[in-house]
Amino acid sequence: MTEYRKVYDEVRSVSGGKAVLVSVSKFHPYEAVLEAYAEGARIFGENRVQEIEAKFPLPENRPEGMEVYLIGQLQRNKVRKVVPLVSRIESVDSMPLIEKIEQEASRIDKRIDVLLEYNSSGEEQKSGFISADELCDAALFIIRSCPHIRLRGVMTIGPLGYDREKNMAAFNATRDVFQRISSLSDDIDVLSRGMSADWKEAIEAGSNEVRIGTAIFGERK
Ligand SMILES: *Cc1c(COP(=O)(O)O)cnc(C)c1O
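Predicted, not measured: the structure shown is a model, and the values here were computed from it. Going along each chain's sequence as written, the residues are numbered from 1 onward. The model is predicted, so local features are restricted to residues of pLDDT at least 70 and side-chain atom pairs to those at 80 or more, both for listing and for counting; the totals for chains, interfaces and linings are taken over all residues. No hydrogens and no water enter the side-chain calculation; it runs on all heavy atoms of the structure.

Undergrad: How should the overall build of the protein be read in this particular structure?
TA: Assigned secondary structure in the protein consists of nine helices and eight strands. All radius of gyration figures rest on C-alpha atoms, and the globule criterion is 2.2 Å times the number of residues raised to 0.38. Here the C-alpha atoms of the protein give a radius of gyration of 17 Å, agreeing with the 17 Å that 2.2 N^0.38 yields for 221 residues. Considering only C-alpha atoms, the protein reaches an extent of 45 × 45 × 30 Å along its principal axes. For the protein, buried positions account for 50% of its 221 residues. Excluding contacts between residues fewer than 6 apart, the proportion of contacts in the protein whose partners are at least 24 apart in sequence is 62%. The secondary structure listing takes helices from DSSP runs of H or I that are at least 4 residues long and strands from runs of E that are at least 2 residues long, numbered from the N terminus. Here the term buried applies to any residue with accessible area under 20% of the maximum for its type, exposed to any over 50%, and partly exposed to those in between, with areas from a 1.4 Å probe on protein chains only. Contacts between residues were defined by any pair of non-hydrogen atoms, one from each residue, lying within 4.5 Å.

Undergrad: Hey, could you run me through the site of the ligand in this one?
TA: Any residue with a non-hydrogen atom lying within 4 Å of a molecule or strand is treated as near it. Around the ligand lies a shell formed by Val24, Lys26, Ile71, Ile157, Met195, Ser196, Arg211, Ile212, Gly213, Thr214 and Arg220. Any N or O atom pair separated by 3.5 Å or less is treated as a polar contact, with the protein-specific requirement of one donor-capable and one acceptor-capable atom, and with residues adjacent in sequence counted only for side-chain atom pairs. Between Arg211 and the ligand, the recorded distance is 3.0 Å, taken from a side-chain N or O atom to a nitrogen atom. With respect to the ligand, the side chain of Arg220 contributes an N or O atom lying 2.8 Å from an oxygen atom. Here the Shrake-Rupley method, with its probe set to 1.4 Å, supplies the accessible areas, and only the displayed protein chains count as covering residues. Contact with the protein chains covers 89% of the free accessible surface of the ligand, which is 390 Å². Throughout this entry, Asp, Glu, Lys and Arg are counted as charged residues, while Ala, Val, Leu, Ile, Met, Phe, Trp, Tyr, Cys and Pro are counted as nonpolar. The remaining residues, Gly among them, count as polar. Considering only residue class, the shell around the ligand consists of five nonpolar, three polar and three charged.

Undergrad: I tried to follow the packing of aromatic side chains on my own but got confused; where do I start?
TA: Think of a pair of aromatic rings as described by two things: how far the centres are apart, and how the planes are tilted against each other in angle. Any Phe, Tyr or Trp ring, taking Trp's six-membered ring, that has another such ring centre within 6.5 Å forms a pair; planes under 30 degrees apart are called stacked, those over 60 apart edge-to-face, and the others tilted. If you walk through the whole model with that rule in mind, you get two aromatic pairs. A ring pair is formed by Tyr30 and Phe56, whose centres lie 5.6 Å apart and whose planes are at 75°; its orientation type is edge-to-face. Residue Tyr30 is located in helix H2 (residues 30–38), and its partner Phe56 is located in the loop between helix H3 (49–55) and strand E3 (67–70); the two are separated by 26 residues in the primary sequence. Classification of Phe56 as buried rests on a relative accessible area of 6%. Cation placement over rings: the criterion is NZ of Lys or CZ of Arg within 6 Å of the ring centroid and within 35° of the ring normal. One cation-aromatic arrangement involves Arg42 over Tyr37; the distance from NZ or CZ to the ring centre is 3.8 Å.

Undergrad: Would you take a moment to explain the pattern of salt bridges for this structure?
TA: Any two side chains of opposite charge can pair if their charged atoms end up close together. Counted as salt bridges are all cases of a side-chain nitrogen of Lys or Arg within 4 Å of a carboxyl oxygen of Asp or Glu. This model, assessed by the stated rule, comprises 17 salt bridges. For the salt bridge of Glu51 with Arg48, the shortest nitrogen-to-oxygen distance reads 3.2 Å. Residue Glu51 is classed as buried on the basis of its relative accessible area of 11%. Exposure remark for Arg48: the relative accessible area of 41% places this residue in the partly exposed category.

Undergrad: Sorry, what's going on with the environment of Arg180 here?
TA: On the secondary structure map, Arg180 appears in helix H7 (residues 164–182). Expressed as a C-alpha distance, the spacing of Arg180 and Cys136, which sit 44 residues apart in the sequence, is 7.2 Å. Residues in contact with Arg180, not counting those within four places in the same chain, are Ala132, Asp133 and Cys136.

Undergrad: Whenever I open this one, the pairing of strand E8 (residues 209–212) confuses me. Can you help?
TA: Residues Glu209 and Arg211 point to one face of E8 and Val210 and Ile212 to the other, with burial holding for every one of them. When DSSP locates at least two bridges between a pair of strands, those strands are taken to pair. Looking at chain direction, strand E1 (residues 20–24) and E8 are connected through four bridges and run parallel. Note on E8: the bridge partner recorded for Val20 is Glu209.

Undergrad: Got a minute to help me understand the environment of Leu160 in this structure?
TA: With respect to the helices and strands, Leu160 occurs in the loop between strand E6 (149–155) and H7. For the pair Leu160 and Ser121, spaced 39 residues apart in the sequence, the C-alpha separation amounts to 8.5 Å. In this structure Leu160 touches Glu123, Gln125 and Lys126, once residues within four positions along its chain are discounted.

Undergrad: Looking at this model, I keep getting lost on helix H1 (residues 4–15). Mind explaining?
TA: Given 3.6 residues per helical turn, the α-helix brings residues three or four places apart onto the same face. In this scheme, a helix's expected span is set at 1.5 Å multiplied by one less than its residue total. For H1, which comprises 12 residues, the first-to-last C-alpha distance of 16 Å matches the rise-based estimate of 16 Å (1.5 Å per residue) to within 8%. Those residues of H1 that fall on the buried side of the exposure criterion are Tyr4, Val7, Val11 and Ser15. For H1, the angular spread of the buried residues around the axis is 70°, confining them to a single face. Contact partners of the buried residues in H1: E1, H2, helix H8 (199–204), E8 and helix H9 (214–217). Of the residues trailing H1, Gly16 is marked for its positive phi of about 60°. Arc definition: it is the arc formed by the directions from the helix axis to the C-beta atoms.

This is the structure:
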């Protein structure tokens, strides 16, 4: 048993049924993924390409409806490997990476969903676009020039610690950049923020996708 059902019910109730739950299974074995799947989970988040490769069967051999999203930083030399394995990359943080994803998706004739990662807290150890303008330029580039990429929205990680003001500032900045890009395409409808420690606040501030690991699967070893 995982805590998937409990977390799912809470997410539904806090969001009025509007937020999507990504079950973050990194560091947990495939058996735990299958338990959560049996409890109703369908979307699994992983942050390393090698772990996805080692843990999950190929997409055609996965249980019906199971999807894997990459939520961790992606190096260009891993793009070829990961594009066939996931339905969405949530951590797209540079123009060279976008160009590489387009090239590899085109090579296998796949259209892949992406979120652009925004470094909304400005913290140095975080990845993501620091500049909202650059993120918007990247969004325009995808829409105009990348037929194998479907831009779905923005992903961000909240600031470290529990400072309410910092949290709100980061969230407002994310919502601004999301609103700027959402006028570019009808496909853009995902604002992904919120993890085990801060997902309620994130939903209250407007997030419609939360990525939760620890509260579902327990501590990572
Ligand atoms: C690990 C991770 C999560 C989940 O974190 P928990 O605190 O375990 O819920 C969410 N998003 C990203 C990008 C992560 O790397």
